[in-house]
Number of protein chains: 2
Amino acid sequence: MVNSCRDCTNCLKGEEQYCLKGNTLTYGAQDKDGTLTQGGYSTHVVVTEDFVVRIPEGLGLDEAAPLLCAGVTTYSPLRHWGAGPGKKVAVIGLGGLGHLGVKLAHAMGAEVTVLSQSLKKMDDGLRLGADHYYATSDPDTFEKLAGTFDVILNTVSGNLDRGAYMNLLALDGAFVTLGASSEPEISFPTFAVAANRRVFTYSLIAGLRETQELLDFCAEQGIGAEIEVIPAEKINEAYERVLASDVRYRFVIDISTLA
Amino acid sequence: MVNSCRDCTNCLKGEEQYCLKGNTLTYGAQDKDGTLTQGGYSTHVVVTEDFVVRIPEGLGLDEAAPLLCAGVTTYSPLRHWGAGPGKKVAVIGLGGLGHLGVKLAHAMGAEVTVLSQSLKKMDDGLRLGADHYYATSDPDTFEKLAGTFDVILNTVSGNLDRGAYMNLLALDGAFVTLGASSEPEISFPTFAVAANRRVFTYSLIAGLRETQELLDFCAEQGIGAEIEVIPAEKINEAYERVLASDVRYRFVIDISTLA
């Protein structure tokens, strides 16, 4: 996000991601002057100073880069829904978003569970800070964990059995899907939400205030994204590997290799 | 509700309505001894003392009776979702539940709007404490009120255009359906929830602590249900009138007429 109206009630609350007049995204969005935004893969990019954040000392630029998208996308709902000591957080999917969800929820003091299709990345999940790791391909998982979590972060963009996952929420638990689903219409069993006064909601990136807060938190806690740095000429190859889920957990392009 | 396990984590939090082992409802529910509960239309009813509340001085037994169901059902979500000064609450439907939602939200200091099919009951709505009253049969209503409310209490049990109503919520607004819907599966447009970080949720009656709190609040505020008291022999007639929505706003049976 590189701009917003900075004038509506949501912007004035520092939640520019929900700008009522529509914010301006970094990639291929219509800018205020009518041109298309060209993204950040460049040596320079001009944005208004209100949309610039400070990368704190001690945080590498490379490991900080994914924090500005996957980081804030997981940080914001964890804060909003009260992740911390005594709270149980589940993260569905251990990918680019999920691995940061695990690191951040753990750093906030929550008890963290990864819900992944298989146990393939279990060692990684535990190393990143998860306390528990379950395979969702095992139906016992859903029976064993019923009514357990205070927050579930759903990082999986595709369709999934929402009722089965929501049934894992404790009283007042929130099922938070990150980013809007690719499905225009959403559905689930009524009772999966009505029981335990559960909450069904979404979360979209974060505002500028919270983005800076996340960066400061990460520097303080020694948290960065798990990355693989590539030179610009490897972009096509990296793209294929992203499609094949063959990255742990984010590619970062070294822009100095553009020269 | 006349009993619950009083032992699970939800019961121990005073939220017996979400008892994990299943609470015992007053009417036709299976009691702990295997018999069916027989309801409250009787001169005496035996329940455990933990499920008895005190009707405060100054609150008539007749006007208090509907508070124990419609009252708590609206009070609990209003408290839970922070209705109060500076907050905008909408109530969908001005019936048995809705009229108490309006009275209570007004007494809590919120700015209250009724969303009703027509303007037929507008005078009543304003008298009960609503600040605004809109007809949902008028499409302008949905345009004019977009992004307005912090809480919407949906008291209408049937199907309705959830996306259109949710679009009326401001940032972090909650769309709360009272009681579980009669539809086993629920659906709505993804973006109606994702925008403004909205919350979709339900609320089922209330626990005992909150039920007593409501009664005390009503006595203090001079709030009772709007009722029509009938003798027991008029039950069948009253039932027909309920089906025809011809009651403002709850029938109360005078049990002394049973004799």
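The rules behind the values
- Residues numbered from 1 in each chain as written.
- Chains lettered and ligands numbered in written order.
- Predicted model: local features only at pLDDT ≥ 70, side-chain atom pairs only at ≥ 80, totals over all residues.
- Heavy atoms only, no water.
- Core = buried A, V, L, I, M, F, W, Y, C linked by side-chain atoms within 4.5 Å.
- Buried < 20%, exposed > 50% of the residue type's maximum accessible area, 1.4 Å probe, protein only.
- Pairing = 2+ DSSP bridges.
- Helix = DSSP H or I, 4+ residues; strand = E, 2+ residues; numbered from the N terminus.
- Contact = heavy atoms within 4.5 Å.
- Buried area = accessible area lost by both parts, 1.4 Å probe.
- Salt bridge = Lys/Arg side-chain N within 4 Å of Asp/Glu carboxyl O.
- Polar contact = N/O pair within 3.5 Å; in protein donor to acceptor, adjacent residues only side chain to side chain.
- Least-squares fit on C-alpha atoms with pLDDT ≥ 70 in both.

**Some remarks on the nonpolar core**
For step 1, the next point in the chain: Counting 76 residues, the largest nonpolar core has Leu104(A) and Leu104(B) as its most contacted members.
For step 2, the next point in the chain: Leu115(A), Leu169(A), Val193(A) and Tyr134(B) belong to the second largest nonpolar core, which has 42 residues in total.

**Let's talk about the pairing of strand 5 (residues 132–135) of chain B**
For step 1, the next point in the chain: Sheet topology note: the strand 4 (residues 111–116) of chain B/strand 5 of chain B ladder contains four bridges and is parallel. Among the inter-strand pairings, Val114(B) is bridged to a residue of strand 5 of chain B, identified as Tyr133(B).

**Focus on the interface of chain B and chain A**
For step 1, the next point in the chain: Across the contact, 32 residues belong to chain B and 32 residues belong to chain A.
For step 2, the next point in the chain: Here chain B and chain A share an interface that buries about 2,700 Å² over both sides, 59% of which is from carbon and sulfur atoms.
For step 3, the next point in the chain: Sorting the residues of chain B by area buried against chain A places Leu171(B), Thr190(B) and Arg197(B) first, and these three jointly supply 25% of that buried surface.
For step 4, the next point in the chain: Counting every contact that joins chain B to chain A gives two salt bridges.
For step 5, the next point in the chain: Residues Arg197(B) and Glu15(A) are paired through a salt bridge, measuring 3.2 Å at the closest nitrogen-oxygen approach.
For step 6, the next point in the chain: Counting the contacts that link chain B with chain A gives 13 residue pairs in polar contact (both at pLDDT 80 or more).
For step 7, the next point in the chain: Those elements giving two or more residues to the side of chain B that touches chain A turn out to be helix 3 (70–80), strand 7 (169–178), strand 8 (185–189), helix 8 (190–194) and strand 9 (199–203) of chain B.
For step 8, the next point in the chain: By the bridge criterion, three bridges tie strand 9 (residues 199–203) of chain A to strand 9 of chain B in an arrangement that is antiparallel.

**Quick notes on the relation of the copies chain B and chain A**
For step 1, the next point in the chain: When chain B is fitted to chain A, the residual RMSD is 0.0 Å, and the transformation amounts to a turn of 180° plus an axial shift of 0.0 Å. The superposition operator between the copies reduces to a two-fold rotation axis. By C-alpha distance to the rotation axis, the residue of chain B lying nearest is Ser187(B), at 2.1 Å.
For step 2, the next point in the chain: A symmetric contact is evident, with 100% of the interface residues of chain B recurring at the interface of chain A.

Interpretation in functional terms is not warranted from these geometric data alone.
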